[in-house]
Amino acid sequence: MSEGAAGAVIFAAGTLMPVSSPPIHDGAVLVRGGRIAAVGSLADLGRENPETEVRFFPNYTILPGAVNAHAHLGFRRKDAPEGGTFSGWLGRLIERLPEKETWTAEAARDSATEAVEAGTTYMAESSPYGECLPQLAESGMAGTVYAEFFPHEIGEPEEAVEFIVGKARGLQEGLPERVDARISVHSPYTVDPESSWLAARRTREMGWTLAIHLSESPEEVEFVREGTGGLADIFGSNEWGGVGLSPVRYAQSIELLAPQTIAAHLATGVSEEDLEILAQTGVAAAHCPRSNDFLGCDVSPVPAMIERDIRVGMGTDGLWSSPSMNLFEETLFAVKLHGMNGATGLELATLGGARALGIEDETGTIEAGKWADLAVVESSGEDGDPEWGVLEAAAGGGVAATVVGGNVIYNRLGA
Ligand SMILES: [Zn+2]
C-alpha cells in the first residue's frame, strides 16, 4: 500500500481541491519521498512522468487531510457522563477516572481509527501525562501529544514543571518521524498560576508549542472572576480563583498567551477586549463547537476572530463530550452555526488547523514541498458550492481513503 522508498506515485481524482489554489478538474498530485513533488492536471503530470504509477479516483475529490487542532483520544462513545453543564459533567468524569483506566487504551485506539477513517492526517492530542501517545503513534497519523500535568499530584510548581518537561522529553524518544510530544497547561482551574507561568516560559525557551483549555465554560468564567461556582466546588482546595478578571485576561497576566500557544474552546465570556488581547498576543484558537454545545458552553466568536487575523483551527475534543472524531463533521457543524460558506469551512478544517499549530509549511494544503497528507472523498465536487458539497460528504462518512506522508493508511476501496 505504501509508496516505495525511491518510488513515486501520482494520486489523481475527478476534482482536486488544494485549498491554497482553485480546484482542478481531473487533478493530480505527484508524490515522491512522502512529499508533494508537483500539483497539476492528470494529463500534464501523467505526460511528464510516464513511468509513474497512477492511482486515479475518477468520481472522487482529493482534499488536504483534516488537521485536528484539539482532541482527546482516551474516551469512548458509550456511557458518556450526562452533559448540560460543564462542571456537572466534569464532576462525573472525575468520579469515573479510576474505572476509566481499564479501558482508556482501547478507547484511544478506537478513537484514532475513527479519525483516520474520517480523513484526519494530523492530530494535536491532549491526555494526562501523554498517556494516549502510543495509540496516536500506531495510528499512522502525524501528530503531537500534549502531556497534561496536574501540579498538586506532583509537588511544588518548579518540580511539577520540570517533571512534565522531562516526561515529554522521554516520550519523544523512538517516535515515528512526524509524531512528537509537548506539554499542556490543562486549564485555569486545574493548574496554579505559578506552574502555568513557569510551563509557558520553559516551553517558549525551547521553541515548543503549548496547548491550553481557555474560557470554555460559564463556570470557568465564574471561577476565575469570583472564585465561586461549580468548579470552585469541585476543586475546593484551589487558592487562586477569584482574581476579578476574565479567563483571557488572567491567562495574559500569567504570560500564557503567545504565538506558540493553542487555546482550545474560547467559547464563553470572550469580550471585545479579550479578542483584542488574543489578536495582540498572537495566540491561536482551536474551535470545538459540538463539545461546547453538549456542555452548556456558549458559542465561540470565531467570525470575529478571523476578522482580527487570529489563527483558528477546528478540534473534535473527545468522545465523552462530542459525538464523533470526524473533524469534517465538526467543521460542518461550525459553518452552519456561523453562517460560513464551504470554502471557509474547508480552510478551517485543513490550513486553519495547520496555521494554529504552526505547521503550515509542512501540511494543510496540497502544495509542492509539503507532506502528501490527503483525504479522498466520495464527491464529484461539482455542485453549486463544491467545497460545501465535499465537506458534507466527508462529514457523512464519505472518506474513502486517507494518505499520510504518501502512505495510504486507510483505503476502503481496496484500489
Ligand atoms: Zn479538550
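Residues numbered from 1 in each chain as written. Predicted model: local features only at pLDDT ≥ 70, side-chain atom pairs only at ≥ 80, totals over all residues. Heavy atoms only, no water.

Chemist: What should I look at first to understand the pattern of salt bridges in this one?
Modeler: Opposite charge on two side chains permits pairing when their charged atoms draw close. Summed over the entire model, instances satisfying the criterion amount to 20 salt bridges. With a shortest N-O distance of 2.8 Å, Arg47 and Asp44 are connected by a salt bridge. Remark: Asp44 and Arg47 occur in helix 1 (residues 42-48); sequence separation between them is three residues, near one turn of the helix. Asp44 sits in the partly exposed class, given a relative accessible area of 33%. Of the charged contacts in the structure, one is a salt bridge between Asp373 and Arg178, with a shortest N-O distance of 2.7 Å. One end of the pair, Asp373, is in the loop between helix 15 (342-356) and strand 13 (374-377); the other, Arg178, is in the loop between helix 6 (157-171) and strand 8 (179-185), with 195 residues separating them in the sequence. (Salt bridge = Lys/Arg side-chain N within 4 Å of Asp/Glu carboxyl O. Helix = DSSP H or I, 4+ residues; strand = E, 2+ residues; numbered from the N terminus. Buried < 20%, exposed > 50% of the residue type's maximum accessible area, 1.4 Å probe, protein only.)

Chemist: Help me out: how do you make sense of unusual backbone geometry in this one?
Modeler: Residues other than glycine predominantly adopt negative phi, and peptide bonds predominantly adopt the trans conformation. One non-glycine residue, Asp26, lies in positive phi territory at about 45°. Among the secondary structure elements, Asp26 is positioned in strand 2 (residues 24-32). Located in the positive-phi region is Tyr129, a residue other than glycine, with phi close to 55°. Following the sequence through the fold, Tyr129 ends up in the loop between strand 6 (120-128) and helix 5 (133-139).

Chemist: What am I meant to see in the environment of Ala285 here?
Modeler: By the secondary structure assignment, Ala285 is in strand 11 (residues 284-287). A residue is classified by how much of its surface remains accessible, and Ala285, at 3% relative accessible area, is buried. Sequence separation of Ala285 and His265 is 20 residues, and the distance between their C-alpha atoms is 7.1 Å. With residues near it in sequence (within four places) discarded, Ala285 still touches Ala263, Leu266, Met305, Arg311, Val312, Gly313 and Ala356. (Contact = heavy atoms within 4.5 Å.)

Chemist: Looking at this structure, how should I read the sheet that holds strand 14 (residues 399-404)?
Modeler: Whether parallel or antiparallel, the strands of a sheet pair through hydrogen bonds between backbone atoms. Read across the open sheet, the seven strands follow the order 3-2-1-4-13-14-15; overall the sheet is mixed. This sheet does not close on itself; its edge strands, each paired only once, are strand 3 (35-41) and strand 15 (407-411). Each neighbouring strand pair of the sheet contributes to a mean axis angle of 35°, computed without reference to strand direction. In this structure, strand 4 (residues 53-64) lies alongside strand 13, joined through four bridges in antiparallel fashion. In the strand pairing of strand 13, Pro64 is matched with Leu374. (Pairing = 2+ DSSP bridges. Axes fitted to C-alpha atoms, helices over the stretch in contact; angles between N-to-C directions.)

Chemist: Please clarify how the packing of aromatic side chains should be interpreted in this entry.
Modeler: By convention here, two paired aromatic rings are described through the distance between centres and the angle between planes. One pass over the structure, following the stated rule, counts eight aromatic pairs. Ring geometry for Phe86 and Tyr189: centres 6.1 Å apart, planes at 75°, overall edge-to-face. Of this pair, Phe86 sits in helix 2 (residues 86-95) while Tyr189 sits in the loop between strand 8 and helix 7 (193-206); the two residues are 103 residues apart in sequence, bridging distant segments of the chain. Neither Phe86 nor Tyr189 differs from the other in exposure class; each is buried. Centroid distance Tyr129 to Phe150: 6.3 Å. Interplanar angle 70°. Geometry classified as edge-to-face. Highlighted residues: Tyr129 in the loop between strand 6 and helix 5 and Phe150 in the loop between strand 7 (142-148) and helix 6, separated in sequence by 21 residues. The residues Tyr129 and Phe150 share a single accessibility class, namely buried. Pairwise contacts between aromatic rings join Phe86, Trp89, Tyr189 and Phe235 into one cluster. The positively charged end of Lys100 is found above the aromatic ring belonging to Phe75, 4.6 Å away from the centroid. (Phe/Tyr/Trp six-rings, centres within 6.5 Å; stacked < 30°, edge-to-face > 60°. Lys NZ or Arg CZ within 6 Å of the ring centre and 35° of its normal.)

Chemist: I keep staring at the sheet that holds strand 6 and nothing clicks. Help me out?
Modeler: Strand order in the open sheet made by the eight strands is 5-6-7-8-9-10-11-12, with parallel pairing throughout. With one partner strand each, in any of the chains shown, strand 5 (66-71) and strand 12 (312-314) form the two edges of the open sheet. The mean inter-strand angle of the sheet, taken between neighbouring strand axes irrespective of direction, is 25°. Both strand 7 and strand 8 contribute to a ladder of six bridges, which runs parallel. When the bridges of strand 8 are listed, Glu148 appears paired with Ser184. Docked against the sheet, helix 7 engages strand 8 and strand 9 (210-214), running at close to 150° with respect to strand 8.

Chemist: Honestly, the nonpolar core in this entry has me stumped. Any pointers?
Modeler: Soluble globular proteins: nonpolar side chains tend toward being buried together. Ranked by size, the top nonpolar core spans 96 residues in total, and within it Phe149, Leu257, Leu266, Leu278 and Phe328 carry the most contacts. For this core, the element with the highest residue contribution is helix 6, accounting for six residues. Every residue in contact with Leu266, bar those within four places of it in the chain, is listed here: Leu214, Ser215, Val248, Leu278, Ala285, Ser300, Pro301 and Met305. (Core = buried A, V, L, I, M, F, W, Y, C linked by side-chain atoms within 4.5 Å.)

Chemist: I would appreciate a short explanation of helix 11 (residues 272-281) in the present structure.
Modeler: Three- or four-residue spacings in an α-helix give side chains the same orientation, since the helix completes a turn every 3.6 residues. For helix 11, every residue scored as buried is listed here: Asp274, Leu275, Ile277, Leu278 and Thr281. Buried residues of helix 11 fall within an arc of 160° about the axis and therefore sit on the same side. For helix 11, the exposed residues lying more than 90 degrees away from the buried face are Glu272 and Gln280. Contact partners of the buried residues in helix 11: helix 10 (247-253) and helix 13 (302-307). Two residues or fewer past helix 11, Gly282 is found with a positive phi of approximately 80°. (Arc of directions from axis to C-beta.)

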